[in-house]
Amino acid sequence: MPDTPSLKYAHLERELRFLLPSPPRSLPVERTWRITDRYLPETGLRLRRVEEQGRPVVLKLGQKVRVDGGPRTVAHTTMYLRRSEYDTLLVLTADELAKTRHIVLLGGHRWAVDVFEGHLRGLVTAELDLGADGERPDELGLDVLAEVTGEERFTGGALARTSADALAQLLREHGLHSS
């Protein structure tokens, strides 16, 4: 039996990821979430807590399996958890990151703009899910510093393991200085 998990229940994600010079101003924000992610080392598993003002907290366990060997296309499976299940998994060793995610509509596309907190303060990224057809839009509609879709260092798991010093170096490589 192969070591690769079955993708039977997975949702295929084809995302573009971009580094932004700063949080965009005056964008049409549809929703805002506070997200805490815990990446379990040596796995493709992520424990996620999503908070949105006026709504119940959402707790999830996700698994991402690379389809093409890199971060561009992943098969993502999500399981929603009860608080007791989340708390049981919360004791596991994990690399953590926190961010505020703004869902914005630009040029007919929904973007996820992430403003990172804590040791990743100063990092702002934007993701665009290309959907099943995988077509890239002609105009992005955002002030983009660099496309980082294929860069492993900008995946959630890698960022959770990135120190503040390493982040500062990463941002300098792209012409930014962390705050």
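Conventions adopted
- Residues numbered from 1 in each chain as written.
- Predicted model: local features only at pLDDT ≥ 70, side-chain atom pairs only at ≥ 80, totals over all residues.
- Heavy atoms only, no water.
- Core = buried A, V, L, I, M, F, W, Y, C linked by side-chain atoms within 4.5 Å.
- Buried < 20%, exposed > 50% of the residue type's maximum accessible area, 1.4 Å probe, protein only.
- Helix = DSSP H or I, 4+ residues; strand = E, 2+ residues; numbered from the N terminus.
- Contact = heavy atoms within 4.5 Å.
- Salt bridge = Lys/Arg side-chain N within 4 Å of Asp/Glu carboxyl O.

This next bit is on the nonpolar core. With 15 residues, the main nonpolar core has Leu19, Leu97 and Leu123 as its most contacted residues. Of all the secondary-structure elements, those providing two or more residues to this core are helix 2 (156–160) and helix 3 (164–173). Considering every element that reaches this core, the biggest residue donor is helix 3, with 3 residues. Excluding its chain neighbours within four sequence positions, the residues that come into contact with Leu19 are Leu123, Val124, Val144, Leu145, Ala146, Val148, Phe154, Leu171, His174 and Leu176. Listed in part, the 13 residues of the second largest apolar core include Leu16, Val104, Trp111 and Leu128.

Under the definition given, this model contains 20 salt bridges. A salt bridge links Lys64 to Glu13; its shortest N-O distance comes to 3.6 Å. With Lys64 in strand 4 (residues 58–66) and Glu13 in strand 1 (residues 11–19), the pair connects residues that are 51 residues apart, well separated along the chain. Where Asp37 meets Arg46, a salt bridge forms, and the shortest distance between an N and an O atom there is 3.9 Å. The residues Asp37 and Arg46 share a single accessibility class, namely buried. A single salt-bridge network, built from bridges that share partners, covers Glu15, Arg17, Asp37, Arg46, Arg48, Lys99, Arg101, Asp114 and Glu127.

Everything listed is a geometric property; what it means functionally is a separate question.
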